[in-house]
Amino acid sequence: MPEAAIAELDFKHRLKVDLFPTIWCPGCGIGTIMIQLAMVLDELGLDDTNTILVTGIGCTGRMGSYMKHEAVYTLHGRTLPVAEAIKEFRPEMNVVVVSGDGDTASIGGNHLVHAIRRNASLTVLCNNNEIYGLTGGQTGPTTPTGTKTLSSPVGNPNTPINLQGLVRSSPHALYAKTTVYHQLHMRNAIREAIEHEGFSFVDITSQCIENNGRRIGFASANEMLTFYRKTYKRAPKGADHLERFQIGTLYPQDGSMAEAQLGTDGSDQPDTAPAQPDGATTSISGSPGEGGATGRRAASAPSPRPAADDEEKARRRAESQRRLALMNRLDPKVKLLVAKREISLEDALRDAGIDPDEVAES
Amino acid sequence: MRKLTQGNEAVFRGAVAAGADYYAGYPISPSTEILNIASAWAATHRGFHFMQAEDEIASANALMGASLAGAKSFTATSGPGFSLMQEAVGYGQKIGIPCVFVNVQRVGPATGMPTMPGQGDVMQVRYGSTGDYTPIAFYPNGVEEAFRVTVQAFNAAEESRSPVIVLSDTFIGHLNEVVDLEEMAQEIEVVPRTIAPLGKHEPGHPRFFAGVLMYEHGPMAGEPATADADEYLRQFYATKQLHLDVAGRYALYEHGWKTDASVLVICYGIVSRVAAPLASEYALFRPIRIHPMLGDELRAIADRYEQIVCIEANDGQYADMAQLALGREVKRVPLLGGRISLEAVRDGIERVLSGGPSEPPIPPAPSERGERSPLGIG
């Protein structure tokens, strides 16, 4: 039972486990992304009243149906216009776009370019498996040159699209590259992306064993993950460019996240106003504080949510660990009910005769 | 205050009167005035949101997102842009998203003849997107009516939970008439939002707005029903019935002119204005709700007339529907290429009533006559 395997994890109430097993093939990387996203949402305390998922067509698009969030399953490639409109009309909402590489960069490529240009305050999680998986394995926009697919039987003649370059064409956008193997890194990248005010893009390399991996010589999903482990290395801190097999986060060039970029301990960071971007020198705005491309949102939309400081995050983490320790004392069946939030942990502990304080002290 | 007002502006003012608070669009003649006014309105009215999208695909999809987020959203475009918007129209029909599309028609297909007036999108409105659906569409023939019909379109969109289309054309869009929109705005009734905005769902029951067929109720709710014909039938007929019921509340048409004449002329939009000088000779049936077809209403009227002629700036699109609904011949007078004139209307009616063809006599190309066209091409 997949339920039992993740029963002790506190993010589980965010997933519709009743619908499990998912439609994704065994060995697919999308489930990992979904679980990491659920964990991040849980850590940040975001719930179904303030966070909307917008998903595209393809395998990745089905993620919305497995998460207990209001979700919009858009037409193929149209995640970004839909998400942008939601965010524009309801700036207090967190809008997370989840879609595959074909959806984001091929059929939705034009929308991607312009969502970046408008610095739409969205987080895009791109499940980059370098293939059109749901239709059996055709060349996608991110398929490496030379890869054999169903639609390029002698090898893909074209260069894959440069997502990093596209996203970095805006000084306000955040770009992160990670893989399904590097789960902690992925979680941190997703969290940083969601906390970023402007456009953020997390490019997640993931394995499609059934419709890509086997054709290009991998025997199992595990082999693909091992390949990611061996080839992908962390970029040096403060890097302003990621090489092909590097993972890391590239912060906006406008200086709005300078403290994060330098890796300083920002426990009491001042609320610095974003610097005037280089690219906006032709702006006729009279007020530098509100001018530039960030001005539009700054003027029209209040900050959706104050970012949690490190102290608050540490407190939440400690609380989460304490609850986990308590849940582990419970009978597995009761634990499942608690995880699904059908009964509260406090009630379960009382019924089982466990004193929470006693456990916490020991 | 009575003021000289343009048809396109009246559409915008109607939308605002109906509570519209989101506009996404892409400039295209002859609808661009609506976009311009919307951007100016957003700059001066807090709560009204405007987005100039990168293309019509994005603007139409943005309407869907905004509507789900709680806005009354609309856009304006012309035939080529409306072609790009069709996928979003179908998406809105499938999910049940209230919003309004305004199509200020010009001569197509493709880029066609920008921006001569045409009515070639009557069937695109009906059948443009993939699959079966029952759209509601209106077509005013004046500035005052453009205002009123736009309000009704927003109301019908909320009641039917679907995208509703307002058709217009170059002439109606650019027609200037003296009207008092402020006074009209006092009299209208506005239907409030009918679906809960995103994030304001029933606690514990988040929704999944999917373009694929999903089970909506029962133990399978939330699962795809992509291989279940029974579920498709249930949802399809429920939606169709809802749309027909709502459309029934807006069975708008005009039956007038010389009602005791022997010939009934069917025309709508700008053609009905151009043909008005023939009022002493023929009876008029002017559908304002273009879709669904006003079958019962037309049948009840048509029995009284010996002959029926449908004049329209396309190759007989409404005439086809009328003939099908009536089960008798509807003679067609197509006014093609943007040539909508009283002369063309009168000649056309006389031609088809005397047993002639529906096509007008076609002059030879300029090169055959050894002349150059006025534009210096061809």
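Here, residues in each chain are numbered from 1, in the same order as that chain's written sequence. Chains carry letters from A onward and ligands carry numbers from 1 onward, assigned in written order. Per-residue local features are limited, in this predicted model, to residues with pLDDT of at least 70; the limit for side-chain atom pairs, both in listing and counting, is 80 or more; totals at the level of whole chains, interfaces and linings are taken over all residues.

Asks: For this particular structure, what's the right way to read the overall build of chain A?
Replies: Numbered from the N terminus, helices here are DSSP runs of H or I no shorter than four residues, and strands are runs of E no shorter than two. Secondary structure assignment for chain A yields 16 helices and eight strands. Each residue is classed by its C-beta neighbour count within 10 Å, where at least 20 other C-beta atoms makes it buried, 12 or fewer makes it exposed, and intermediate counts make it partly exposed; the C-beta atoms are placed from backbone geometry. Within chain A, the fraction of its 362 residues that count as buried is 44%. Contact definition: two residues whose C-beta atoms, as placed from backbone geometry, lie within 7 Å. For chain A, contacts bridging at least 24 residues in sequence account for 62% of all contacts bridging at least 6.

Asks: What exactly am I supposed to notice about the interface of chain A and chain B here?
Replies: Where the parts come together, the accessible area they lose is often given as the size of the interface. Across the boundary between the two partners, chain A contributes 30 residues, which contact 31 residues of chain B. Broken down by secondary-structure element, the contributors of at least two residues to the side of chain A that touches chain B are α3 (63-66), β2 (70-73), α4 (79-89) and α6 (109-117) of chain A. In terms of residues, the side of chain A that touches chain B owes the most to one element, α4(A), which gives eight residues. Being paired, for any two strands, means DSSP has found at least two bridges between them. As paired strands, β2(A) and strand β10 (residues 208-210) of chain B are joined by three bridges and run parallel to one another. Residue Ala71(A) lies in a different strand from β10(B), and its bridge partner there is Phe208(B).

Asks: Would you explain the nonpolar core in this entry?
Replies: The nonpolar side chains of a soluble globular protein tend to be buried with one another. Judged by nonpolar contacts, the single largest core of 180 residues is most densely connected at Ile86(A), Leu125(A), Val100(B) and Val265(B). With sequence-adjacent residues up to four places away left out, Leu125(A) is seen in contact with Ile33(A), Leu37(A), Val96(A), Val97(A), Val98(A), Ile190(A), Val202(A) and Ile204(A). Leu326(A), Leu330(A), Val338(A) and Ala339(A) belong to the second largest nonpolar core, which has seven residues in total. Note on terminology: a nonpolar core is a set of buried residues of type Ala, Val, Leu, Ile, Met, Phe, Trp, Tyr or Cys, with members joined through C-beta atoms within 7 Å.

Asks: Is there a simple way to explain the sheet that holds strand β13 (residues 283-287) of chain B in this structure?
Replies: Hydrogen bonds along the backbone pair up the strands of a sheet, which may run parallel or antiparallel. Residues and elements named next belong to chain B. With mixed pairing, the five strands of this open sheet are ordered in space as β11-β13-β12-β15-β16. Looking along the sheet, the strands with just one partner apiece sit at the ends: β11 (253-257) and β16 (331-334). Averaged over all adjacent pairs, the angle separating strand axes in this sheet is 20 degrees, with direction ignored. Two strands pair when backbone bridges link them, and strand β15 (residues 307-312) and β16 are joined in this way by four bridges, in the parallel orientation. Each bridged residue has a counterpart across the sheet, and for Ile 311 the counterpart in β16 is Val 333. Packed onto the sheet, helix α13 (residues 342-353) meets β12 (263-266), β15 and β16 and runs at close to 145 degrees relative to β15. Comment: axis = line fitted to C-alpha atoms, over the contacting stretch for helices; angle = value between 0 and 180 degrees taken between N-to-C directions.

Asks: Whenever I open this one, the confidence of the model for chain A confuses me. Can you help?
Replies: It should be kept in mind that the predicted coordinates are not to be read in detail where pLDDT is low. Residue and element names in this part refer to chain A. Think of pLDDT as the predictor's per-residue confidence, scored from 0 to 100. Averaged over every residue, the pLDDT of chain A is 84; the share at 70 or more is 82%. Throughout residues 1-8 the model reports pLDDT below 50, and contacts reaching past four residues in sequence, or to other chains, amount to 17 contacts. This stretch, residues 263-304, has a pLDDT under 50; its non-local contacts, to residues over four places away or in other chains, come to 48 contacts.

Asks: Looking at this structure, how should I read the domain arrangement of chain B?
Replies: Residue and element names in this part refer to chain B. Annotation comment: domain bounds sourced from an automatic or database domain assignment. Domains assigned within chain B are domain 1 (3-187) and domain 2 (253-353). With 24 residues of domain 1 in contact, the opposing surface of domain 2 contributes 19 residues. Where the side of domain 1 that touches domain 2 is concerned, the elements lending two or more residues are β6 (113-117), α5 (122-127), β7 (136-138), β8 (163-169) and α7 (170-174). Considering every element that reaches the side of domain 1 that touches domain 2, the biggest residue donor is α5, with four residues. Classifying every residue of the side of domain 1 that touches domain 2 by side-chain character gives 17 nonpolar, five polar and two charged. Note that Gly is not counted as nonpolar here; it falls among the polar residues with everything else outside the nonpolar set of Ala, Val, Leu, Ile, Met, Phe, Trp, Tyr, Cys and Pro and the charged set of Asp, Glu, Lys and Arg.

Asks: Mind showing me how you'd approach the sheet that holds β10(B) here?
Replies: The mixed open sheet is built from nine strands, whose spatial order is β7(A)-β8(A)-β5(A)-β6(A)-β4(A)-β3(A)-β1(A)-β2(A)-β10(B). Edge positions in the open sheet fall to β7 (233-234) of chain A together with β10 of chain B, since each of these has one partner strand only. Of the strand pairs in this sheet, strand β5 (residues 174-179) of chain A and strand β6 (residues 200-205) of chain A are connected by six bridges, and their pairing is parallel. Across the sheet, Thr178(A) pairs through a bridge with Ile204(A), a residue of β6(A).

Asks: What is the right way to look at helix α1 (residues 7-17) of chain B in this model?
Replies: Residues separated by three or four positions in an α-helix point in the same direction, a consequence of the helix having 3.6 residues per turn. Residue and element names in this part refer to chain B. When you tally the buried positions in α1, you get 11 out of 11 residues, the bulk of the element. Of all the residues in α1, the buried ones are Gly 7, Asn 8, Glu 9, Ala 10, Val 11, Phe 12, Arg 13, Gly 14, Ala 15, Val 16 and Ala 17. Positive phi shows up at Gly 19, right after α1, with a value of about 100 degrees.

Asks: For this particular structure, what's the right way to read helix α12 (residues 317-326) of chain B?
Replies: Taken together, the buried positions of α12(B) are Gln317(B), Tyr318(B), Ala319(B), Met321(B) and Ala322(B). Of the residues one or two after α12(B), Gly327(B) is the one with positive phi, at around 70 degrees.

Asks: Got a minute to help me understand the pairing of strand β8 (residues 246-250) of chain A in this structure?
Replies: A regular strand places its side chains on the two faces of the sheet in alternate fashion. Residues and elements named next belong to chain A. The buried fraction of β8 amounts to four of the five residues, a majority that puts the element mostly inside the structure. Examined bridge by bridge, β7 and β8 share two bridges and lie parallel to one another. Along β8, the bridge assignment pairs Arg 234 with Ile 247.

Asks: Is there a simple way to think about the packing of α1(B) against helix α6 (residues 143-160) of chain B in this case?
Replies: Axis angle and axis distance: for two packed helices, these are the angle between their axes and the distance between the axes, and together they describe the pair. All names here are of chain B. Two elements in contact, α1 and α6, have axes separated by 7 Å at closest approach and are oriented at 35 degrees. Seen along the crossing, α1 lies across α6 with a hand that is right-handed. Where α1 approaches α6, its residues Gly 7, Ala 10, Val 11, Arg 13, Gly 14, Ala 15 and Ala 17 are matched on the opposing element by Val 143, Ala 146, Phe 147, Arg 148, Thr 150, Val 151 and Phe 154. Residue composition of the contact of α1 with α6, grouped by class: nine nonpolar, three polar and two charged. Handedness of a helix crossing follows the sense of rotation of the near helix relative to the far helix, less than a right angle counterclockwise being left-handed and clockwise being right-handed.

Asks: Would you take a moment to explain the environment of Ala38(A) for this structure?
Replies: Residues and elements named next belong to chain A. Positionally, Ala 38 belongs in helix α2 (residues 30-43). Look at Ala 38 and you get buried, because 23 C-beta atoms sit within 10 Å. Aside from chain neighbours lying at most four places away, what touches Ala 38 is Phe 11, Arg 14, Leu 15 and Met 67.

Asks: How should I be thinking about the environment of Ala302(B) in this particular structure?
Replies: All names here are of chain B. Following the sequence through the fold, Ala 302 ends up in helix α11 (residues 295-302). Taking the C-beta count within 10 Å as the criterion, Ala 302 has 20 such neighbours and is therefore assigned buried. Through-space distance from the C-alpha of Ala 302 to that of Val 265 is 9.9 Å; in sequence the pair is 37 residues apart. Setting aside anything within four residues of it in sequence, one finds Ala 302 in contact with Leu 264, Ile 308 and Leu 326.

Asks: Quick question: what am I supposed to make of the packing of α1(B) against helix α2 (residues 32-44) of chain B here?
Replies: Residue and element names in this part refer to chain B. The N-to-C vectors of α1 and α2 enclose an angle of 45 degrees; their axes lie 8 Å apart at closest approach. Comparing their axes, α2 and α1 come out oblique. Every pair of crossing elements has a handedness; the one defined by α1 and α2 is right-handed. For the pair α1 and α2, the contacting residues are Asn 8, Glu 9, Val 11 and Phe 12 in the first and Glu 33, Ile 34, Ile 37 and Ala 38 in the second. Looking at the contact of α1 with α2 residue by residue, the class counts come to five nonpolar, one polar and two charged. For classification purposes, angles smaller than 35 degrees are called roughly parallel, those larger than 145 roughly antiparallel, those between 65 and 115 roughly perpendicular, and all remaining angles oblique.

Asks: How do you make sense of unusual backbone geometry when you look at a structure like this?
Replies: A negative phi angle is the norm for most residues apart from glycine, just as the trans form is the norm for most peptide bonds. Residue Ser29(B) is joined to Pro30(B) through a cis peptide bond whose omega torsion reads 0 degrees. Mapped onto the elements, Pro30(B) comes out in the loop between β2 (22-25) and α2. Residue His291(B) is joined to Pro292(B) through a cis peptide bond whose omega torsion reads -10 degrees. Of note, the phi angle at Asn119(A) is positive, near 50 degrees, even though the residue is not glycine. Along the chain, Asn119(A) falls in the loop between α6 and β4 (123-128). On the neighbour-count criterion, Asn119(A) (22 C-beta atoms within 10 Å) is buried. For Trp257(B), which is not glycine, the phi torsion reads 60 degrees and is therefore positive. Mapped onto the elements, Trp257(B) comes out in strand β11. The class of Trp257(B) is buried, set by 20 C-beta atoms lying within 10 Å.

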